[in-house]
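# Geometric and topological summary
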Amino acid sequence: YFAVKIEGRDKFGLNHPKKKFIPLGPFYIVWKAKKNARLEISGFMWAYQVKTVEFIKFADKFSKMLPSNKTKGRVKKGFLLFRQKCMSCHQINGQGGVIGPELNYPTSVVEYIKPEWLKKWILDPASVRAGTKMPKQFSGNKKDRGQVEDIIFYLEAMSKRKITP
């Protein structure tokens, strides 16, 4: 969600108990907190001011992450899940986040980790590697296991579509 300043109104911000008023800028990111979580003024969960908004086509900005145009079914579902849950940290063919490792180039993760271990890793990273920075994003129920399998189908498809970053 975006909170947007309405033209003609003087103030756009928050009334804070310790400060009188915190201006938010012309736009501000707003999100739903997870259950039992709260947003804090200082700390990790506090959003940043947004100065501009750029509308782009994903395919224009991240073309090297796209599976083949002929992709259907589980590979396509896996790609959409990868976009949602993985690409903020991981890259495919040099495109995506920079917190975690590149997963496709020059050697795909599916070429050196067996699918059952990769599935276990994605479902519960700490069960495979103590101290990992990778967050647990799946509960392990039947639906989540299927979604992780879909992500692996996408990674397998992309292992045949390596593009130099």
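Going by the structure above, here's the rest.
The text that follows walks through the structure, step by step, so that each part is easy to find. (Residues numbered from 1 in each chain as written. Predicted model: local features only at pLDDT ≥ 70, side-chain atom pairs only at ≥ 80, totals over all residues. Heavy atoms only, no water.)

### Overview of the overall build of the protein chain
From N to C terminus, the protein chain includes five helices and seven strands. In sequence order, the protein chain lays out its α and β elements as β-β-β-β-β-α-α-β-β-α-α-α. Counting only residues that meet the buried cut, the protein chain has 29% of its 165 residues in that class. For the protein chain, contacts bridging at least 24 residues in sequence account for 51% of all contacts bridging at least 6. Accessible surface, the protein chain as shown: approximately 12100 Å² in total, 56% of it carbon and sulfur. (Helix = DSSP H or I, 4+ residues; strand = E, 2+ residues; numbered from the N terminus. Buried < 20%, exposed > 50% of the residue type's maximum accessible area, 1.4 Å probe, protein only. Contact = heavy atoms within 4.5 Å. Areas by Shrake-Rupley, 256 points an atom, 1.4 Å probe, with all protein chains shown as cover.)

### With respect to the nonpolar core
Ranked by size, the top nonpolar core spans 22 residues in total, and within it M65, F82, I92, I151, Y154 and L155 carry the most contacts. Broken down by element, the residue count for this core peaks at six residues, all from helix 5 (residues 142-158). (Core = buried A, V, L, I, M, F, W, Y, C linked by side-chain atoms within 4.5 Å.)

### Section: the packing of aromatic side chains
Scanning all chains against the criterion turns up four aromatic pairs. Ring centres of F58 and F79 lie 5.8 Å apart, and the angle between their planes is 65°; this geometry places the pair in the edge-to-face category. Linking F58 in helix 1 (residues 58-61) with F79 in helix 2 (residues 73-85), this pair joins segments that are 21 residues apart in sequence. With relative accessibility at 16%, the residue F58 sits in the buried group. The exposure class assigned to F79 is buried, which follows from its relative accessible area of 7%. Between F82 and Y154, the aromatic rings sit 5.3 Å apart at their centres with planes inclined by 45°, giving tilted as the arrangement. Residue F82 is located in helix 2, and its partner Y154 is located in helix 5; the two are separated by 72 residues in the primary sequence. Note on accessibility: F82 and Y154 belong to one class, buried. (Phe/Tyr/Trp six-rings, centres within 6.5 Å; stacked < 30°, edge-to-face > 60°.)

### Thoughts on the layout of surface pockets
In this model, the largest pocket occupies a volume close to 480 Å³. At the level of secondary structure, the elements contributing two or more residues to the lining of the largest pocket comprise helix 2, helix 3 (115-123) and helix 5. Sort the elements by how many residues they give to the lining of the largest pocket and helix 3 lands first, with three residues. Of the residues assigned to the lining of the largest pocket, the class counts are 17 nonpolar, four polar and three charged. (1 Å grid on protein atoms, 1.4 Å probe; cavity = no way out; pocket = protein on both sides within 12 Å on 5 of 7 lines; lining within 4 Å. Points joined across faces, edges and corners; volume = space filled by probe spheres on them. Nonpolar A, V, L, I, M, F, W, Y, C, P; charged D, E, K, R; others polar.)

### What about the environment of D150?
Tracing the sequence through the fold places D150 in helix 5. For D150, a relative accessible area of 8% gives the class buried. When the C-alpha positions of D150 and L81 are compared, they lie 7.9 Å apart, and in sequence the two are 69 residues distant. Those residues in contact with D150 that sit more than four places away from it in its chain are R74, K77, G78 and L81.

### Looking at helix 3
Within helix 3, burial applies to L118, K119, I122 and L123. One side of helix 3 carries all its buried residues, which in axial view fall inside an arc of 130°. (Arc of directions from axis to C-beta.)

### Examining the packing of helix 2 against helix 5
Closest axis-to-axis distance for the helix 2/helix 5 pair is 7 Å, and the angle between their directions is 100°. The pairing of helix 2 with helix 5 is recorded here as roughly perpendicular in orientation. From helix 2, R74, V75, K77, G78, F79, L81 and F82 reach across to helix 5, where they touch G146, Q147, E149, D150, I151, F153, Y154, L155 and A157. (Axes fitted to C-alpha atoms, helices over the stretch in contact; angles between N-to-C directions. Parallel < 35°, antiparallel > 145°, perpendicular 65-115°, else oblique.)

This is a description of form; function is not addressed.
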